[in-house]
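Fold and geometry: a report
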Amino acid sequence: MSNRFFHSLAACFISFVAFSQNTAPIELDELVIEKTKISAQSKSQNLVVLNDSLIENSIGTFTDFLQKNTTIYFKESGYGMVSSPAFRGTTAQQTSVLWNGIRVNSALLGQSDFNATAFKSYDNIVVKAGGGSVLYGSSAIGGTIHLNNQLQFNRKTENELQLHYGSFNTQGIHYKITTGFDKFAVNAHFGYNKSDNDYEWIGKNRNNINGQFYNTNFGLETAYKINRKNTLSFYSTTYNDDRHFALLTPFQTKTKYQNNNYRNLLKWHFKTNTFLNTFYAAVLNESYTYFDQLPTNSKTGGKANTLYFKNESFYNVLQHFKLSGFVEYQKTTGEGQNSSLPFSTQEIFAVSVLGNYEFTDRFGMEAGAKNEMAKDYSNPFLFSAGFYYNSPFYQLKINTSRNYRIPTFNDLYWQPGGNLNLNPETSLQFDVNQNFTFKNMRLNVSAYTISIKDMIRWIPTNSGFWEANNVNEVRVFGMDFFANFQKKWAHHVVELQANYGYTQSIDQTTKKQLTYTPLHKLNAQLIYKYRNFSMSPSFLYVGKIYTTASNTAASALNSYGIIDVDFQQKLNLKNNPFYINLKIKNAANTVYTNMPERVMPGRNIHLQLIKKF
């Protein structure tokens with residue numbers, strides 16, 4: 001406890017000294033928004049920004065979107081069912097998802113379901129590989145995924161309407177309005193998706209049974225500029241879904257799952273020439289209901305409510321020295337409904353400090369530290385350090401950090417099996433990124449290693465129930481490769497981009513590859529544009545996956561490759577332009593699964609209409 005107190009006191013002292021200086025050599029450029037803030041504080045790590053045009057032209061689930069554009073691997077219990085990632089060879093609980101700057105992983109389960117995320121609601125999505133617990137808190141071990149809405153003053157009103165219809169009676173409607181005045185900025189959006197999801201199980205002589213789903217979401221973001229120094233912004237979103245769970249055999253009992261999420265966030269920005277302070281206050285509500293014997297009303301469930309406060313300061317101390325400080329407090333209450341989770345409370349207080357020093361315009365270094373206190377477990381002291389070099393043709397980024405994941409509500413309090421003696425999972429990571437630029441070509445090569453200790457697993461006990469324990473140690477070694485080439489001539493544009501990930505994620509007890517973690521994953525996309533027409537074939541390859549810790553051949557799922565082909569045409573009827581997209585998914589009708597016996601869809605076709613006004 002004394003070490004924690006010392007580290008917290010040291011962090012506060014450093015922040016105080018920095019803020020007390022009178023030197024004011026540099027003026028902050030503009031009000032910091034989430035995307036640029038991440039970049040400003042992560043110069044020694046690579047970011048992938050998936051922009052609004054990529055989001056608006058996509059159809060399907062968030063899993064589809066990230067599978068096609070990143071090296072993250074996902075396992076799904078059938079199309080549209082529960083989806084969890086393996087980011088750089090880690091588990092689903094070791095990937096942190098942040099909504100407009102605050103962590104939104106489930107407090108009950110510790111992970112996000114990527115088939116229950118309304119990704120088309122966001123203006124951009126940033127994927128940041130590697131550890132980031134000093135900045136983003138628990139679960140940022142494999143990487144972080146940032147869901148960002150952007151507000152802009154003094155902009156014209158824009159409306160966007162999307163309609164979608166496709167195979168298996170799949171339907172979607174999305175509407176978004178954005179506008180901005182001198183003092184106000186407003187975004188609002190609505191989404192609805194449904195599907196019978198009754199696709200053919202190729203070679204099994206049956207269709208997908210009980211796989212239907214629907215979901216709705218609504219979001220509102222507003223900002224008010226009080227004066228030159230102060231701005232208030234408010235973010236609110238709701239998400240509700242109803243997903244039936246597809247059956248392995250026609251004779252199983254039918255079940256379904258309902259999710260409800262409500263999130264409200266208030267931000268207060270205070271800005272001077274050299275100082276920016278942002279205060280966050282958020283209320284997050286999540287609940288689920290599991291119907292275990294359809295069509296009866298037999299059900300269990302759970303809910304969690306989180307109150308979150310954070311103060312974040314950014315200060316230009318000297319011309320080449322910047323300092324940030326964070327203070328966070330989070331209180332979560334949760335309980336089950338007809339389940340074994342009693343009413344419980346979790347409180348966390350954290351202090352962080354980060355510094356960045358630029359030796360010249362081309363290279364610099366950064367360092368950070370974080371200390372966290374919780375009532376039911378001991379948290380580790382966290383740190384990060386990095387070096388970066390930038391030139392017009394070459395970038396070098398080196399980063400190391402200690403990261404962690406706290407036990408979830410279920411890990412701590414579920415009865416029987418919850419364990420108040422758990423330690424947080426901890427990891428050490430080292431990451432080297434090299435970026436090359438040659439005329440029309442960009443290349444990125446990353447190499448990394450992660451050592452994870454005290455992984456939390458539920459294991460059987462002699463008393464006949466399962467209990468959460470710190471048992472596993474995992475070492476990960478991997479490489480990521482990204483390439484982009486673009487050529488333009490006359491009215492023609494050709495672009496080729498590819499992502500490849502190699503991941504060894506070895507359980508140190510069994511010396512075997514972690515389950516549901518492929519050694520190889522590749523996605524590639526060729527885009528050809530001519531005037532108002534474009535065509536884009538793409539390819540996804542996933543290597544062999546083991547489904548048991550013993551890595552036996554009988555437990556392995558075969559590698560597979562999927563081809564999609566997208567067409568887009570801009571039409572202009574009586575000066576009313578709109579876009580029409582035709583998408584052929586799994587065009588080669590490949591039979592594949594990413595969980596045992598869970599056959600995924602064969603060839604399917606979708607039509608999308610996008611109108612902006």
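The model shown is predicted, which means the values in this text are computed figures rather than measured ones.

**What to know about empty space enclosed by the protein**
- Applying the stated criterion to the full structure yields 4 cavities of 30 Å³ or more.
- In this structure, the second largest cavity occupies an estimated 150 Å³ of space.
- Lys 120, Ser 121, Glu 160, His 174 and Lys 176 are the residues nearest the centre of the second largest cavity, which is lined by 15 residues in total.
- Where the lining of the second largest cavity is concerned, the elements lending two or more residues are helix H3 (52-56), strand E8 (155-166), strand E9 (170-180) and strand E10 (184-195).
- Considered class by class, the residues forming the lining of the second largest cavity number 4 nonpolar, 6 polar and 5 charged.

**Overview of the sheet that holds strand E6 (residues 124-129)**
- Overall, mixed pairing links the 5 strands, which are arranged E1-E6-E7-E4-E5 in an open sheet. Looking along the sheet, the strands with just one partner apiece sit at the ends: strand E1 (47-50) and strand E5 (102-103).

**Quick word on the pattern of salt bridges**
- One pass over the structure, following the stated rule, counts 18 salt bridges.
- The salt bridge involving Asp 241 is made with Arg 243; its shortest N-O contact spans 3.6 Å.
- On the basis of relative accessibility, which here comes to 5%, the residue Asp 241 falls in the buried class.
- The exposure class of Arg 243 is buried, given its relative accessible area of 2%.

**Considering helix H4 (residues 62-69)**
- Within H4, 7 of the 8 residues are buried, leaving the element largely enclosed by the surrounding structure.
- Taken as a whole, H4 has its buried residues at Phe 62, Thr 63, Asp 64, Phe 65, Leu 66, Gln 67 and Asn 69.

**Here we look at the pairing of strand E33 (residues 576-585)**
- Relative to E33, strand E32 (residues 560-573) is paired through 9 bridges, and the arrangement is antiparallel. Across the sheet, residue Lys 570 finds its bridge partner in E33, namely Tyr 579.
- Two strands pair when backbone bridges link them, and E33 and strand E34 (residues 604-612) are joined in this way by 7 bridges, in the antiparallel orientation. When the sheet's bridge partners are listed, Lys 585 is paired in E34 with Asn 604.

**Quick look at unusual backbone geometry**
- Here the amide bond leading from Leu 294 into Pro 295 is cis, since omega sits at 10°, within 30 degrees of zero.
- If you trace the backbone, Pro 295 turns up in the loop between strand E16 (275-291) and strand E17 (299-318).
- Going from Gln 415 to Pro 416, the amide bond is cis rather than trans, its omega being -5°.
- Turning to its location among the elements, Pro 416 is positioned in the loop between helix H6 (409-413) and strand E23 (425-438).
- With phi around 65°, Asn 210 is a residue other than glycine that occupies positive phi space.
- Residue placement: Asn 210 occurs in the loop between strand E12 (206-207) and strand E13 (213-225).
- On the accessibility criterion, Asn 210 (7% relative accessible area) is buried.

What counts, and at which threshold
Residues numbered from 1 in each chain as written. Predicted model: local features only at pLDDT ≥ 70, side-chain atom pairs only at ≥ 80, totals over all residues. Heavy atoms only, no water. 1 Å grid on protein atoms, 1.4 Å probe; cavity = no way out; pocket = protein on both sides within 12 Å on 5 of 7 lines; lining within 4 Å. Points joined across faces, edges and corners; volume = space filled by probe spheres on them. Helix = DSSP H or I, 4+ residues; strand = E, 2+ residues; numbered from the N terminus. Nonpolar A, V, L, I, M, F, W, Y, C, P; charged D, E, K, R; others polar. Pairing = 2+ DSSP bridges. Salt bridge = Lys/Arg side-chain N within 4 Å of Asp/Glu carboxyl O. Buried < 20%, exposed > 50% of the residue type's maximum accessible area, 1.4 Å probe, protein only.

Purely geometric numbers; function is a separate question.
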